[in-house]
Amino acid sequence: SRTEANRKLSAACGGELSILKRKGDQIVQALVVAPHPDDDVIGCGGSIIRHIRRGHTVTVVYMTSGEAGSLVHPKEELRLIREAEAREAASLMGFDDLIFLRNADGCLSADAENATCLTRIIRAKRPEIIYFPHAGEGCRDHRITHEICADAVKRARGPWFQECPGEPWLVESV
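Novice: What is the right way to look at the nonpolar core in this model?
Specialist: Nonpolar side chains in soluble globular proteins generally cluster together in the buried interior. Counting 21 residues, the largest nonpolar core has Val33, Val61, Leu118, Ile121, Ile122 and Ile130 as its most contacted members. Contributing elements (two or more residues each) for this core: β1 (29-34), β2 (57-64), β3 (97-103), α4 (112-125) and α5 (140-156). With near-sequence residues (within four places) excluded, Val33 lies in contact with Val61, Met63, Leu118, Ile130, Tyr131, Phe132, Pro133, Thr145 and Cys149. Core analysis: the next-biggest nonpolar cluster, separate from the first, contains 16 residues, Ala30, Ala90, Phe95 and Tyr131 among them.

Novice: When you look at the packing of aromatic side chains in this model, what are you seeing that I'm missing?
Specialist: Taken as a whole and assessed by the stated rule, the structure comprises one aromatic pair. Ring plane angle 15 degrees and centroid distance 4.9 Å describe the contact between Tyr62 and Phe100, whose orientation is recorded as stacked. Taken together, the residues Tyr62 in strand β2 and Phe100 in strand β3 connect sequence positions 38 residues apart.

Novice: Explain the confidence of the model for the protein here, please?
Specialist: Predicted coordinates in areas of low pLDDT are best not read in detail. Chain-level pLDDT for the protein is 87 on average; 84% of the residues reach the 70-or-more range. The model gives residues 14-23 a pLDDT under 50, and that stretch makes 38 contacts with residues more than four places away or in other chains.

Novice: Can you walk me through helix α2 (residues 39-53) in this structure?
Specialist: Since there are 3.6 residues in each turn of an α-helix, residues three or four apart along the chain are aligned in direction. Between the first and last C-alpha of α2 there are 20 Å, a value that for 15 residues agrees with the 21 Å anticipated at 1.5 Å per step. Helix geometry: α2 is bent most strongly at Gly45, by close to 80 degrees. Listed in full, the buried residues belonging to α2 are Asp39, Asp40, Cys44, Gly45, Ser47, Ile48 and His51. Contacts from the buried residues of α2 go to β1, β2, α3 (75-93), β4 (129-131) and α5. Backbone geometry just after α2 places Gly55 at a positive phi near 85 degrees.

Novice: Help me understand the side chain of Glu83 in this model?
Specialist: By secondary structure assignment, the location of Glu83 is in helix α3. Judged by relative accessible area, Glu83 falls into the buried class, the value being 2%. Apart from the residues within four sequence positions on either side, Glu83 is in contact with Ser65, Phe100 and Arg102.

Novice: It is not clear to me how the pairing of β3 should be interpreted in this structure. Could you clarify?
Specialist: Along any regular strand, the residues point their side chains to alternate faces of the sheet. Of all seven residues in β3, six are buried; the element is thus mostly enclosed. Pairing analysis gives five bridges linking β2 to β3, with the strands arranged parallel. Within β3, the residue paired with Tyr62 across the bridge is Phe100. Tracing the backbone out of β2, into α3 and back to the parallel element β3 gives a crossover that is right-handed.

Novice: For this particular structure, what's the right way to read the environment of Glu67?
Specialist: The residue Glu67 is located in the loop between β2 and α3 in this model. Owing to a relative accessible area of 12%, Glu67 belongs among the buried residues under this scheme. With near-sequence residues (within four places) excluded, Glu67 lies in contact with Lys75, Leu78, Arg79, Asn103, Ala104 and Asp105. At 2.8 Å, the side chain of Glu67 and the backbone nitrogen of Asp105 are in polar contact.

Novice: How should I be thinking about the pattern of salt bridges in this particular structure?
Specialist: Close approach of charged atoms allows side chains of opposite charge to pair. Following the criterion strictly, the structure yields nine salt bridges and no others. Note that Asp38 is salt-bridged to Arg82, the shortest N-O span being 3.4 Å. Here Asp38 is found in the loop between β1 and α2, whereas its partner Arg82 is found in helix α3, with 44 residues between them in sequence. Of the charged contacts, one joins Asp97 and Lys125 as a salt bridge, the two residues approaching to 2.8 Å between their closest N and O atoms. With Asp97 in strand β3 and Lys125 in helix α4, the pair connects residues that are 28 residues apart, well separated along the chain. The buried category is assigned to Asp97, whose relative accessible area is 3%. Shared partners join several salt bridges into a network, and the residues in it are Glu76, Arg79, Glu83, Arg87 and Arg102.

Each value, and the rule that gives it
Residues numbered from 1 in each chain as written. Predicted model: local features only at pLDDT ≥ 70, side-chain atom pairs only at ≥ 80, totals over all residues. Heavy atoms only, no water. Core = buried A, V, L, I, M, F, W, Y, C linked by side-chain atoms within 4.5 Å. Buried < 20%, exposed > 50% of the residue type's maximum accessible area, 1.4 Å probe, protein only. Helix = DSSP H or I, 4+ residues; strand = E, 2+ residues; numbered from the N terminus. Contact = heavy atoms within 4.5 Å. Phe/Tyr/Trp six-rings, centres within 6.5 Å; stacked < 30°, edge-to-face > 60°. pLDDT = per-residue confidence, 0-100. Expected span 1.5 Å × (residues − 1). Bend = angle between axes of the 7 residues up to and from the residue. Pairing = 2+ DSSP bridges. Right-handed = clockwise from strand over helix to strand, strands pointing away. Polar contact = N/O pair within 3.5 Å; in protein donor to acceptor, adjacent residues only side chain to side chain. Salt bridge = Lys/Arg side-chain N within 4 Å of Asp/Glu carboxyl O.

Structure follows, in structure tokens:
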């Protein structure tokens with residue numbers, strides 16, 4: 001079943017994953033990959049709202065939980081705060097499909113684990129469009145997120161990446 005498949009994908013990626021929604025027979029799906037909670041809203045919040053208003057399904061993947069962004073709050077406490085803020089922002093915009101991968105904030109790595117995880121998500125969600133940071137951004141986690149996303153989009157479209165089950169998927173717009 002689709003629910004069981006999403007549970008397995010969620011477990012494989014260590015995040016939270018909800019069921020892919022369809023509109024008739026046509027999948028209308030946008031995927032946003034954000035280095036930290038708030039980067040989705042700052043980077044493409046207007047586009048997210050436009051998708052929601054058009055009846056599209058939006059999923060946001062957070063590569064980290066932004067837990068290193070304070071000298072006052074312990075990392076675990078700040079992780080909980082930032083993830084709650086992300087959920088609240090998504091709710092205000094009208095969606096709730098969030099995936100927290102919980103990589104170490106400030107130490108994101110373009111490794112096989114992240115490439116595999118994001119490729120699985122792309123194949124499962126089957127987005128028509130993906131938003132992610134530009135390669136030239138100043139923050140290291142943002143540049144690494146770009147690198148991971150560009151790699152995962154290429155891997156998702158071909159049959160050669162055996163670590164990721166599911167049919168290959170070509171993202172129409174990046």
